[in-house]
Amino acid sequence: MAGSVNKVVLVGNLGREPEIRHTNNGKKIANFSIATSEVWKDANGERQEKTEWHRIVVFNPSTADFVEKYVKKGSKVYVEGSLQTRKWTDNSGQDRYTTEVVVSNFKGEIVLLDGRSDGADASFGSAAADAGWDTSALGSDANSAGTDFNDEIPF
């Protein structure tokens, strides 16, 4: 195989409000976590559920603006990005690691699946904004009209 692929696609709900920060040079970064759940019946027929939490970091300033304005605690979102693991040293000198889904400047997308308060659905991301992708393939919640959502983005 000549290349490799690092692509993550998740659909889940935010557990708390997104955190918006700025780098030293003023670039906006959004952080939030989403929960995904798997439900099944065990051998006894009892319903089982397992929830996973995924940390999301948005480095694209336009997408971070979108997150700040429209994505809230409880929002159902489609997130597309890549996995990255960071290493840092904590105050006690211990090496720490975290793995995050990164929505960067040139790849990734966030789609708000449960719509905005005005009833319109919204999505934003570097690839989505540049290509004008139709999100109807994600299901009826993503873009019920099946139209080009660039016309619906208010900025």
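What you see is a predicted model, and the numbers here were worked out from it, not measured in a lab.

1. Points about the pattern of salt bridges
Applying the stated criterion to the full structure yields ten salt bridges. For the salt bridge of R55 with E100, the shortest nitrogen-to-oxygen distance reads 3.3 Å. On the criterion of sequence distance, the pair formed by R55 in strand β4 (residues 47–58) and E100 in strand β6 (residues 95–103) is long-range, its members being 45 residues apart. With a shortest N-O distance of 2.8 Å, R96 and D90 are connected by a salt bridge. On the accessibility criterion, R96 (42% relative accessible area) is partly exposed. Ionic contacts of the salt-bridge type, sharing partners, join the residues K28, D65 and E68 into one network.

2. A short note on the nonpolar core
Counting residues in each nonpolar core, the largest one holds 18 residues, and the members touching the most others are F32, I34, I56, V58, V77 and V79. Where this core is concerned, the elements lending two or more residues are β1 (8–14), β3 (28–41), β4, α1 (61–70), β5 (76–89), β6 and β7 (109–112). Excluding its chain neighbours within four sequence positions, the residues that come into contact with V79 are V8, V9, L10, F32, I34, I56, V101, V103 and E109.

3. What about the environment of Y97?
Inspection of the secondary structure assignment puts Y97 in strand β6. Residues Y97 and T85, spaced twelve residues apart in sequence, show a C-alpha to C-alpha distance of 6.7 Å. In contact with Y97, other than residues within four places in its own chain, are T85, R86, K87 and W88.

4. Here we look at the confidence of the model for the protein chain
Scored by pLDDT, the protein chain comes out at a mean of 79, with 73% of its residues at no less than 70. Residue range residues 117–121 is modelled with pLDDT below 50. Its contacts to residues more than four positions away, or to other chains, number twelve contacts. Here residues 126–155 is a poorly scored stretch, pLDDT under 50, and it has 58 contacts once near neighbours within four places are set aside; other chains count.

5. Looking at the pairing of β4
Note that β3 and β4 share twelve bridges and pair antiparallel. The residue of β4 that forms the bridge with A35 is W53. Turn length for the β3-β4 hairpin, with the two strands adjacent in sequence and antiparallel, is five residues, and the turn residue G45 shows positive phi of about 80°. Bridge count between β4 and β6: three bridges; the pairing is parallel. When the sheet's bridge partners are listed, V57 is paired in β6 with V102.

6. Let's talk about the packing of aromatic side chains
A full pass over the atoms with the stated rule returns one aromatic pair. Ring centres of F66 and Y70 lie 5.6 Å apart, and the angle between their planes is 45°; this geometry places the pair in the tilted category. Of this pair, F66 and Y70 both sit in helix α1, four residues apart, which is roughly one turn of that helix. A relative accessible area of 1% means that F66 is categorised as buried.

The rules behind each value
- In every chain, residue numbers begin from 1 and rise along the written sequence.
- Restriction of local features to residues with pLDDT of at least 70 applies here, the model being predicted, together with a cutoff of 80 or more for giving and counting side-chain atom pairs; totals for whole chains, interfaces and linings are based on all residues.
- Neither water nor hydrogens contribute to the side-chain values; these are computed over all heavy atoms in the structure.
- Within this document, salt bridges are pairs made up of a side-chain nitrogen of Lys or Arg and a carboxyl oxygen of Asp or Glu, the two lying within 4 Å of each other.
- Under the DSSP-based scheme used, a helix requires at least four consecutive residues in state H or I and a strand at least two consecutive residues in state E, with every element numbered from the N terminus.
- Burial status follows relative accessibility: with a 1.4 Å probe on protein chains alone, a residue under 20% of its type maximum counts as buried, one over 50% as exposed, and anything between as partly exposed.
- Here the nonpolar core consists of buried residues drawn from Ala, Val, Leu, Ile, Met, Phe, Trp, Tyr and Cys, with membership extended through side-chain atoms lying within 4.5 Å.
- Should any heavy atoms of two residues lie within 4.5 Å, those residues are considered in contact.
- Per-residue confidence from the predictor is given as pLDDT, running between 0 and 100.
- Two strands qualify as a pair provided DSSP detects at least 2 bridges between them.
- Note on aromatic pairs: the rings of Phe, Tyr and Trp (six-membered ring only in Trp) are paired at centre separations within 6.5 Å, and the planes decide the class, stacked below 30 degrees, edge-to-face beyond 60, tilted for the rest.

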